[in-house]
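What follows is each chain in one-letter form.
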Amino acid sequence: MSLHGSFLSDEQFQCSICLDVFVNPSSTPCGHSFCMACISRYWDGSKVCQCPLCKKTFQKRPDLQINRTLREITEQFKSMKGSGGTGREKRYRGGDVTRIPETFLFHGLKKKLPRPLPKVPARRTNEPQADLILMATSVPNPSPVPNPPSGPPPPPPGYGHSSGRRRFTVTGAASGESIPICEIHHRGIMIYCRTDGVCICPNCETEEHQDHDTVTVEDEWLETKAQLSVSEQEIRDMIRQRIRKIEGIKKSVAEVELAVEGDTTGSVCLFSLLVSAIQRSQAELMEVMELSRRAAEHQAEVMIRQLELEVKELRSREKALAELAQLDDALQGVKAFPVLLDPPPTKDWSEVSVNTDLGTGTIYRSLAAQVESFLKELKKAAETGFPAPVPEPSPVRTQPRVRRVQEYAVDVTLDDNTSHPRLILSGDMKSVRCGDRHQLLPDNPERFDRVVCVLGRPMISSGRHYWEVEVGGKTDWDLGVAKQSINRKGKVEVTPSNGYWFLSLRDKSKYAFRTEPSTDVQMNLQPQKIGVFVDYEKGQVSFYNVDSKLHIYTFNDTFSDSIFPFFSPCTNKSGKNEGPLIITRVTLTE
């Protein structure tokens, strides 16, 4: 910019508080200048010292000093403005702009500079605060200036651009920190628009965000940090709640163990007087309590795994929030915070607890009936004078519960409308095996088209049901029940949450239940026949080794839909698994 095009306006030497030319100007740490008396009065009535222009807050009231260089330049400007227009000075009233004598201003500035100024790059538009410095550094040796044409001269490029509500004085110093630059206006991005939720430069604020709620990025970051602490506290509270829930679940398991121990001790004391008559009841009671304990342990393990996963996720979120709180980059912090504002999705555990019901009430009532019958026989013998014959006690069975569930046997058959096209069903619908090729079958909605399986009848929507399946000689199979509304097309994920409850065999020796995650089962005796028992009201699906009379496992869930028997002979593996699954007739085991 040449000397002859340099112009200064009153606004550049004007205090933003009193709107008059500076009197004893002083500069705040953020680089803005005000009259010493004005800024002092502005701060005297406030508890927090804040810049009237950029709203930057200072933790401690700055110790302001008079900017002597700016004061002398202001005095020279005022004297030139009121000198009446001599020499090369001209006042252009139409533009309200005063042109300062170049020689006088040049020599006035030269006295204040200890060494020659470096070469200043060309000024960007919309930066009027650079006019004075550019004028001073571009002044050559004084030379006569031709008379200006009549009328006000055009302002220099970029001069006079409105700066909106924020003013910039001739001493407004840029921050020493490296801040992002606006790609449109090439100004520092130091303002945050709360209305639009974006970070902008002063020119963007003037042009596109005039009536919006705007603050400095630093002030917005201070408020955001306050929200961060609230979010961190919420995460900590959620972690504490889940840790307390884990402790409560572990305590419930311990209570189940103590309950089993107490009932076992009490039952032994009670049965010691009637051992010959109640051996079967005692063995049955032991089995029920062991089953309840194992079910409670498994339920607790699943719940604890889920809670620990949630705690891990919450700790990760807590760490991310803590790292975000340590950021010095306000812009990055403001942008990253909304992503971490909401806690990660978690399950409501307030109503979840371990089932501590041992299920021994039925056995105790049955025992009471046996004792009452025994007392009647004993009383009758006492009245007649001859003791009634006491029947020989039946031998104690290893797992008498198998006989009890066998009493709920139902006639199960296969439903050919649901079978996969590779499955071959027998004429009586009692056995199924996997063939080598697909059969031409109608693709009805009920049929599985990818999983090699078939459902059975009848449909189960209430009551207790039991059936047995011969599995001897096979290396792979799946047996259990499935919900009516399961997906039967495409890939199927067989887990209880998707409506499948069954036992699996793989590679002739690997038994597992399709829980989440899978539960491996160790069996010393390989079953030749599997019994499946369903108690719909209790939400239980139990599996038994029929030949050895052993209980294997019980699912505990809640059924909200009808369920069907489920069979999968799996693929034949080149002839190694070609044997069928056979639904056999239930024979009461002695």
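Nothing here was measured: the structure is a model prediction, and the numbers come from that model.

Rules behind the numbers
- Residues numbered from 1 in each chain as written.
- Predicted model: local features only at pLDDT ≥ 70, side-chain atom pairs only at ≥ 80, totals over all residues.
- Heavy atoms only, no water.
- Salt bridge = Lys/Arg side-chain N within 4 Å of Asp/Glu carboxyl O.
- Helix = DSSP H or I, 4+ residues; strand = E, 2+ residues; numbered from the N terminus.
- Buried < 20%, exposed > 50% of the residue type's maximum accessible area, 1.4 Å probe, protein only.
- pLDDT = per-residue confidence, 0-100.
- Contact = heavy atoms within 4.5 Å.
- Pairing = 2+ DSSP bridges.
- Axes fitted to C-alpha atoms, helices over the stretch in contact; angles between N-to-C directions.
- Phe/Tyr/Trp six-rings, centres within 6.5 Å; stacked < 30°, edge-to-face > 60°.

S.K.: Run through the pattern of salt bridges, naming residues and quoting values.
M.R.: Enumeration according to the criterion identifies 18 salt bridges in this entry. A salt bridge links E223 to R194; the nearest nitrogen and oxygen atoms lie 2.6 Å apart. Of this pair, E223 sits in helix α6 (residues 217-271) while R194 sits in the loop between β7 (191-193) and β8 (198-200), and the two are 29 residues apart along the sequence. Using a relative accessible area of 31% as the deciding quantity, one classes R194 as partly exposed. Note that E232 and R236 form a salt bridge whose closest N and O atoms lie 3.4 Å from each other.

S.K.: Give me the confidence of the model for the protein: which residues, what numbers.
M.R.: Mean pLDDT over the protein: 76, with 76% of residues reaching 70 or higher. Taken together, the stretch residues 387-400 has pLDDT below 50 and engages in 22 contacts with residues farther than four places along the chain or on a different chain.

S.K.: An account of the environment of I17 is needed here, citing residue identities and associated values.
M.R.: Relative to the helices and strands, I17 resides in the segment before β1 (25-27). Take I17: its relative accessible area is 31%, and that puts it in the partly exposed class. What I17 contacts, discounting residues up to four positions off in sequence, is F34, C38, I39, Y42 and P52.

S.K.: Could you give an account of the sheet that holds β8, naming the residues involved and the relevant values?
M.R.: Read from one edge of the open sheet, three strands run β8-β7-β9, paired in antiparallel fashion. Of all strands in the sheet, those with a lone pairing partner are β8 and β9 (214-216), marking the two edges. Strand-to-strand, the axes of this sheet are offset by a mean angle of 35 degrees, without reference to chain direction. The sheet contact formed by β7 and β9 spans three bridges and is antiparallel. Counterpart to I191 in the pairing with β9 is T216.

S.K.: Summarise unusual backbone geometry; cite the residues concerned and give the values.
M.R.: For the bond running from R457 to P458, omega is 5 degrees, close enough to zero to count as cis. Phi angles above zero are rare outside glycine, and L19 is one such case at about 60 degrees. Even without being a glycine, K508 presents a positive backbone phi close to 70 degrees. Examined against the element boundaries, K508 turns out to sit in the loop between β16 (500-506) and β17 (510-513). Here K508 falls in the partly exposed class, since its relative accessible area comes to 48%.

S.K.: Describe the pairing of strand β19 (residues 529-535), listing the residues and the values that go with them.
M.R.: Of all seven residues in β19, seven are buried; the element is thus mostly enclosed. Here β19 shows no split at all, with K529, G531, F533 and D535 on one side and I530, V532 and V534 on the other all buried. Connecting β19 to the antiparallel partner strand β20 (residues 540-545) that follows it, the hairpin turn spans four residues, and G539 within it adopts a positive phi of roughly 70 degrees.

S.K.: I'd love a proper account of the sheet that holds β20, names of residues and values included.
M.R.: Spatially, the seven strands line up as an open sheet ordered β11-β12-β23-β14-β19-β20-β21, and their pairing is antiparallel. Edge positions in the sheet fall to β11 (423-425) and β21 (550-556), since each of these pairs with one other strand and no more. This sheet shows a mean twist of 20 degrees between the axes of neighbouring strands, independent of strand direction. Both strand β12 (residues 431-434) and strand β23 (residues 581-584) contribute to a ladder of two bridges, which runs antiparallel. Residue V432 lies in a different strand from β23, and its bridge partner there is L581.

S.K.: If you had to explain the packing of aromatic side chains to someone new, which residues and values would you point to?
M.R.: Centre distance and the angle of the planes are the two values used to describe a pair of aromatic rings. Going through the model one piece at a time under the given rule, you end up with 14 aromatic pairs. Judged by centre distance (5.9 Å) and plane angle (50 degrees), the ring pair of Y408 and F533 falls under tilted. On the criterion of sequence distance, the pair formed by Y408 in the loop between α10 (401-406) and β10 (413-414) and F533 in strand β19 is long-range, its members being 125 residues apart. Their ring planes at 25 degrees and their centres at 4.1 Å tell us that F513 and Y553 sit as a pair that is stacked. On the criterion of sequence distance, the pair formed by F513 in strand β17 and Y553 in strand β21 is long-range, its members being 40 residues apart.

S.K.: Break down the pairing of strand β14 (residues 464-470) for me, with residues and values.
M.R.: Among the seven residues of β14, five are classified as buried, and the element is accordingly described as predominantly covered. In this structure, β14 lies alongside β19, joined through seven bridges in antiparallel fashion. Opposite H465, over in β19, you have V534 as the bridge partner. Here β14 runs beside β23; their pairing, made up of three bridges, is antiparallel. Note that in β23 the partner of E470 across the bridge is I582.

S.K.: I'd like a description of the environment of T515, backed by residues and values.
M.R.: One can find T515 in the loop between β17 and β18 (519-521). The class of T515 is buried, set by a relative accessible area of 7%. Separated by 15 residues in sequence, T515 and Y500 place their C-alpha atoms 9.2 Å apart. Ignoring any residue separated from it by four or fewer positions in sequence, one finds T515 in contact with H298, P496, Y553 and F555.

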